[in-house]
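# Close look at the chain arrangement
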Amino acid sequence: MAEKDILIVDDDRQVREVLHQIFLSVGYNCLLANDGREGVEVFKTGRPPLIVTDLKMPGMSGIELLQSVRRIDGDVAVIVLTGAADVKTAIDSLKLGAYDFIMKPVNVDELLIAAERAVERRQLLIERREYQELLERRVVDATRDLAEAYQRLQDTYRSTLEALGSALDTRDVGTEAHSRRVHGYALAIAHEHSVPASELTDLGHGVLLHDIGKIGIPDGILLKPGPLTPEEWKIMRRHPEIGKALIEKIPFLRGAVPIVWAHHEKWDGSGYPRGLKGEEIPLGARIFMVVDAFDAMTFDRPYSKAKPFDVAKAEIRRCAGAHFDPSVVESFFRVPNALLEEIRRKSVEP
Ligand SMILES: [Fe+2]
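All of the points below concern the structure found in this document. In this text the structure is predicted, and so the values were computed from the model without any measurement. The numbers attached to residues start from 1 for each chain and follow its sequence in the written order. Side-chain atom pairs in this predicted model are given and counted only at pLDDT of 80 or more, local residue features only at pLDDT of at least 70, and totals for whole chains, interfaces and linings cover all residues.

The subject of this paragraph is the sheet that holds strand 1 (residues 5–9). Think of it this way: DSSP has to see at least two bridges between two strands before they count as a pair. A run of DSSP states H or I qualifies as a helix once it reaches four residues; a run of E qualifies as a strand once it reaches two. Both are numbered from the N-terminal end. With parallel pairing, 5 strands are arranged side by side in an open sheet as 2-1-3-4-5. Strands with a single pairing partner mark the edges of an open sheet, and in this sheet they are strand 2 (29–33) and strand 5 (100–103). Within this sheet the neighbouring strands show an average axis-to-axis angle of 20°, counted without direction. Where strand 1 meets strand 2, 5 bridges bridge the pair, whose relative direction is parallel. Lines fitted to the C-alpha atoms define the axes, with helices restricted to the stretch that makes contact. Angles between their N-to-C directions range from 0 to 180 degrees.

With that settled, the discussion passes to the packing of helix 6 (residues 178–192) against helix 12 (residues 283–298). Relative to each other, helix 6 and helix 12 sit at 130°, their axes nearing to 9 Å. With respect to helix 12, the axis of helix 6 lies oblique. When the axes of helix 6 and helix 12 are compared, the crossing they make is right-handed. From helix 6, H178, R181, V182, Y185, A186, I189 and A190 reach across to helix 12, where they touch I287, F288, V290, V291, D292, F294 and D295. Note on residue categories: nonpolar means Ala, Val, Leu, Ile, Met, Phe, Trp, Tyr, Cys or Pro, charged means Asp, Glu, Lys or Arg, and polar means any other residue, Gly included. The class makeup of the residues in the contact of helix 6 with helix 12 is 10 nonpolar, 1 polar and 3 charged. Angles below 35 degrees are treated as roughly parallel, those above 145 as roughly antiparallel, those between 65 and 115 as roughly perpendicular, and all remaining angles as oblique. For any helix crossing, the convention is left-handed if the near helix is rotated counterclockwise from the far helix by under a right angle, and right-handed if that rotation is clockwise. Here, residues touch in the contact sense if the C-beta positions derived from the backbone fall within 7 Å of one another.

Right, let's talk about the nonpolar core for a bit. In this description, a nonpolar core means buried residues of the types Ala, Val, Leu, Ile, Met, Phe, Trp, Tyr and Cys, linked to one another by C-beta atoms lying within 7 Å. Residue burial is a threshold on neighbouring C-beta atoms within 10 Å of the residue's own C-beta, all placed from the backbone, with 20 or more meaning buried, 12 or fewer meaning exposed, and counts in between meaning partly exposed. Counting 38 residues, the largest nonpolar core has Y185, A186, I189, F288, V290 and V291 as the members making the most contacts within it. In terms of residue count, the dominant contributor to this core is helix 12 (7 residues). Setting aside anything within four residues of it in sequence, one finds A186 in contact with L203, V207, I287, F288 and V291. With 29 residues, the next largest nonpolar core counts F23, Y28, V52 and V78 among its residues.

Bringing the pairing of strand 5 into the picture now. Bridge count between strand 4 (residues 77–82) and strand 5: 4 bridges; the pairing is parallel. Residue pairing across strands places L81 opposite I102, the latter belonging to strand 5. For the handedness criterion, the β-α-β arrangement of strand 4, helix 4 (residues 87–95) and strand 5 is classed as right-handed. Viewed with both strands pointing away, a crossover whose connecting path from the first strand over the helix to the second turns clockwise is right-handed.

Remember that the coordinates give geometry; whether it matters functionally is a separate question.
Here it is, written out as structure tokens:
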């Protein structure tokens, strides 16, 4: 399809021939048809970008031709020729997608300018649409790339945190997979406690990293086999503050700070480091207190043999209102034993 192709449709042979000569003289390749029906047929095979058509023709009118060719190719530029009596139809043709109309008798310059403009406008519309499509494709691609990158980043975060959690467990002798278990138990309670889904990530991070501050505790104290002296306890009890200082500088872990900082606070205010009481203690830390105690009792440690779930649960019930938030304890009791068992079993799988 050469851009200089034009289809001329007019039932008046003389007019058709004049138009033909006009367009020939300025370099158009002309296709000719003597009514609407023939015009559509010629259009189908030649696919010219531009059509000049009379409006009033026997058989298929210019308006019907306009509608037919636009159904075949929405980009085709159609200029209609009209007598003074038919201006209203010509204006209607614009609403149906004609580019322009020219009054008869035809002024040659006016016709050629209209044809030139129609071809240019058609080209512009096509380019604009292609550009739009290109942009849309790029947005789709970029959105997909971003989603993939975000997912990779999330995976990296998660595995980094898990590795860090395991590293902490390994250093703190005898608490193998402790972080992984308390993480599982805590999320199970959070579910029963109707903690909003939007808070679960921070809760998970806080629980996984609760003891990260132990990095700052000397091995001589952290790994000491016997009981700690009061002076050593004072140092050991600094680990929530050290943990807070470590992670509050990391933007994606900032939400875990309240849990790390408060994970040794007790409901009755007897905990440390700040001696917070009741609901002053962040909910995540109150949940952590329960699961940490439960895990300490139900998993073998060098200095204590694992207790059965029922014994551990009774002990936790006994301490509700003292160490533990009673409503969190209630939620904990709603977690089925089978789920607790499964979390414990999975925590030691490779
Ligand atoms: Fe701790």
